[in-house]
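# Inside the fold
Listed below, chain by chain, are the residues.
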Amino acid sequence: MKIVEDIPQELIELLYSDSPFFSIDKLKKMKIDFVNNQYFIFRNSSSSVLAYYNPFLMRIERVEKRDVYGIKPRNAEQTFALHFLQNSEIKLAALMGKAGTGKTLLALAAALSQAKLFKQIF
């Protein structure tokens with residue numbers, strides 16, 4: 001996860017529009033290094049947005065806070081975790097963090113929400 005300050009307001013508004021994505025070309029002036037499947041918090045003085053770099057489509061996409069199997073993410077990190085745990089393009093995921101931050105709960109909720117894709121959930 002990377003926090004990027006001073007993002008132009010029009011790009012934040014674009015992510016909140018009906019088509020919540022834009023090409024990475026719009027951020028070239030900011031000289032941001034993109035890593036596959038990287039998550040961002042884009043901020044400026046008046047607003048912010050959670051975003052994800054989709055390496056397959058080479059674009060920035062908005063990440064929405066969604067309930068998964070009845071579990072509601074409580075912060076940006078949990079929102080990002082649920083997003084990547086449900087992304088079928090990501091074949092292997094590792095969650096790291098302090099004890100009690102919800103890693104096991106989020107992984108189980110994401111797995112149960114996609115149970116029909118698996119033979120077994122441990």
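This report concerns the structure included in the present document. Predicted model, so just to flag it, every value in this text is computed and none were measured.

### A closer look at the sheet that holds strand 3 (residues 39–43)
Reading across from one edge, 1-3-4-5-2 is the order of the 5 strands in this open sheet, with mixed pairing throughout. Strand pairing shows two members of the sheet lacking a second neighbour, strand 1 (2–4) and strand 2 (21–23), which therefore form its edges. Each strand axis lies, on average, 30 degrees off the axis of its neighbour in the sheet, ignoring direction. Looking at chain direction, strand 4 (residues 48–54) and strand 5 (residues 59–62) are connected through 4 bridges and run antiparallel. Bridging across to strand 5, Asn54 finds its partner in Arg59. Of the strands in this sheet, strand 3 and strand 4 touch helix 2 (residues 76–85), which is tilted by about 140 degrees from strand 3.

### Remarks on unusual backbone geometry
Within the chain, Asn37 stands out as a residue other than glycine whose phi angle is a positive 60 degrees. As for its position among the elements, Asn37 is in the loop between strand 2 and strand 3. Residues other than glycine seldom take positive phi values, yet Tyr69 does so here, at roughly 55 degrees. Relative to the helices and strands, Tyr69 is located in the loop between strand 5 and helix 2.

### A look at the pattern of salt bridges
For the coordinates displayed, the defined rule picks out 5 salt bridges. In this structure, Glu5 engages Arg43 in a salt bridge whose closest nitrogen and oxygen atoms are separated by 3.0 Å. In this pair, Glu5 sits in the loop between strand 1 and helix 1 (9–15) while Arg43 sits in strand 3, placing the two residues 38 residues apart along the sequence. Given the relative accessible area of 41%, Glu5 is considered partly exposed. Residue Glu64 pairs with Arg66 through a salt bridge whose shortest N-O separation is 3.8 Å.

### Concerning the side chain of Gln114
Considering the arrangement of structural elements, one finds Gln114 in the segment after helix 3 (103–113). The class of Gln114 is buried, set by a relative accessible area of 13%. Separated by 3.1 Å, the side chain of Gln114 and the backbone oxygen of Ala110 make a polar contact. Look past the residues within four positions of Gln114 in its chain and what remains in contact with it is Leu85 and Gln86.

Thresholds, definitions, all that
- Residues numbered from 1 in each chain as written.
- Predicted model: local features only at pLDDT ≥ 70, side-chain atom pairs only at ≥ 80, totals over all residues.
- Heavy atoms only, no water.
- Pairing = 2+ DSSP bridges.
- Helix = DSSP H or I, 4+ residues; strand = E, 2+ residues; numbered from the N terminus.
- Axes fitted to C-alpha atoms, helices over the stretch in contact; angles between N-to-C directions.
- Contact = heavy atoms within 4.5 Å.
- Salt bridge = Lys/Arg side-chain N within 4 Å of Asp/Glu carboxyl O.
- Buried < 20%, exposed > 50% of the residue type's maximum accessible area, 1.4 Å probe, protein only.
- Polar contact = N/O pair within 3.5 Å; in protein donor to acceptor, adjacent residues only side chain to side chain.

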